[in-house]
Amino acid sequence: MITHIQGRLVEKKPTDVVIDCNGVGYFLNISLHTYSQIPDQENLKLYTHLQIKEDSHTLFGFSTLAEREIFRMLLSVSGIGASTARTMLSSLTPVQIREGIALGDVPLIQSVKGIGAKTAQRVILDLKDKILKVYDIDENSTAQSNTNKDEALSALEVLGFVKKQAERVIDKFLSQEPQADVETIIKQALKNL
């Protein structure tokens, strides 16, 4: 229903933020990972997940689409609620969770407070296939470089290149030149593919 909220950052705490969007203050629960990613500037955009229960409507905010996707995947596991999923994203980064599940690393998942061996195994069992399918979730949180990367990637796919290979080459180039424009990214990728 609400996919993102963009507005003026009014309040920032390690567990939540308040964003003023055209005179309405939205209270969003966040993970420590998102807290560490939020810049101390006035304008802020967070991707959201709205949880509706009988007695409450709760908004969760995420700095990246990848973190929100991991959160939603975790919610799909029996025995994992929103607070446990948020605790996982506060203890581990989205990349650590994703790789831990993909590699079947039970001790890593179990290292999160409140998750026992059985729950850790269930998380891995339920999500391993899903994680492997969407393993190329975009981890970059800057919208401009996301757009440039996505445009370059789709252009290379149209040209017949394999997405995974093209993405590896683009990521390598963007780590050195994060502000590169689409044309430059494509040219560099073509040289290295």
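These numbers come from a predicted model, not from an experiment. (Residues numbered from 1 in each chain as written. Predicted model: local features only at pLDDT ≥ 70, side-chain atom pairs only at ≥ 80, totals over all residues. Heavy atoms only, no water.)

On to the side chain of Arg 68, then. Examined against the element boundaries, Arg 68 turns out to sit in helix α2 (residues 65–75). Salt bridges are absent for the buried Arg 68, whose nearest opposite-charge side chain, Glu 69, sits at 6.0 Å. From its side chain, Arg 68 meets the backbone oxygen of Thr 48 in a polar contact 3.1 Å long. Those residues within four positions of Arg 68 in sequence are excluded, and the remaining contacts are Thr 3, Tyr 47, Thr 48, His 49 and Phe 62. (Helix = DSSP H or I, 4+ residues; strand = E, 2+ residues; numbered from the N terminus. Buried < 20%, exposed > 50% of the residue type's maximum accessible area, 1.4 Å probe, protein only. Lys, Arg positive; Asp, Glu negative; His and termini not counted. Salt bridge = Lys/Arg side-chain N within 4 Å of Asp/Glu carboxyl O. Polar contact = N/O pair within 3.5 Å; in protein donor to acceptor, adjacent residues only side chain to side chain. Contact = heavy atoms within 4.5 Å.)

What follows deals with α2. Buried residues of α2: Ala 66, Glu 67, Arg 68, Ile 70, Phe 71, Met 73 and Leu 74, and no others. Packed against the buried residues of α2 are α1 (32–37), β4 (43–52), β5 (57–62), α3 (82–91), α4 (94–102) and α6 (117–133).

On to the confidence of the model for the protein chain. The pLDDT averaged across the protein chain works out to 86; a share of 93% of its residues lies at or above 70. Here residues 137–145 scores under 50 on pLDDT; set against residues more than four positions off or in separate chains, the count is 20 contacts. (pLDDT = per-residue confidence, 0-100.)

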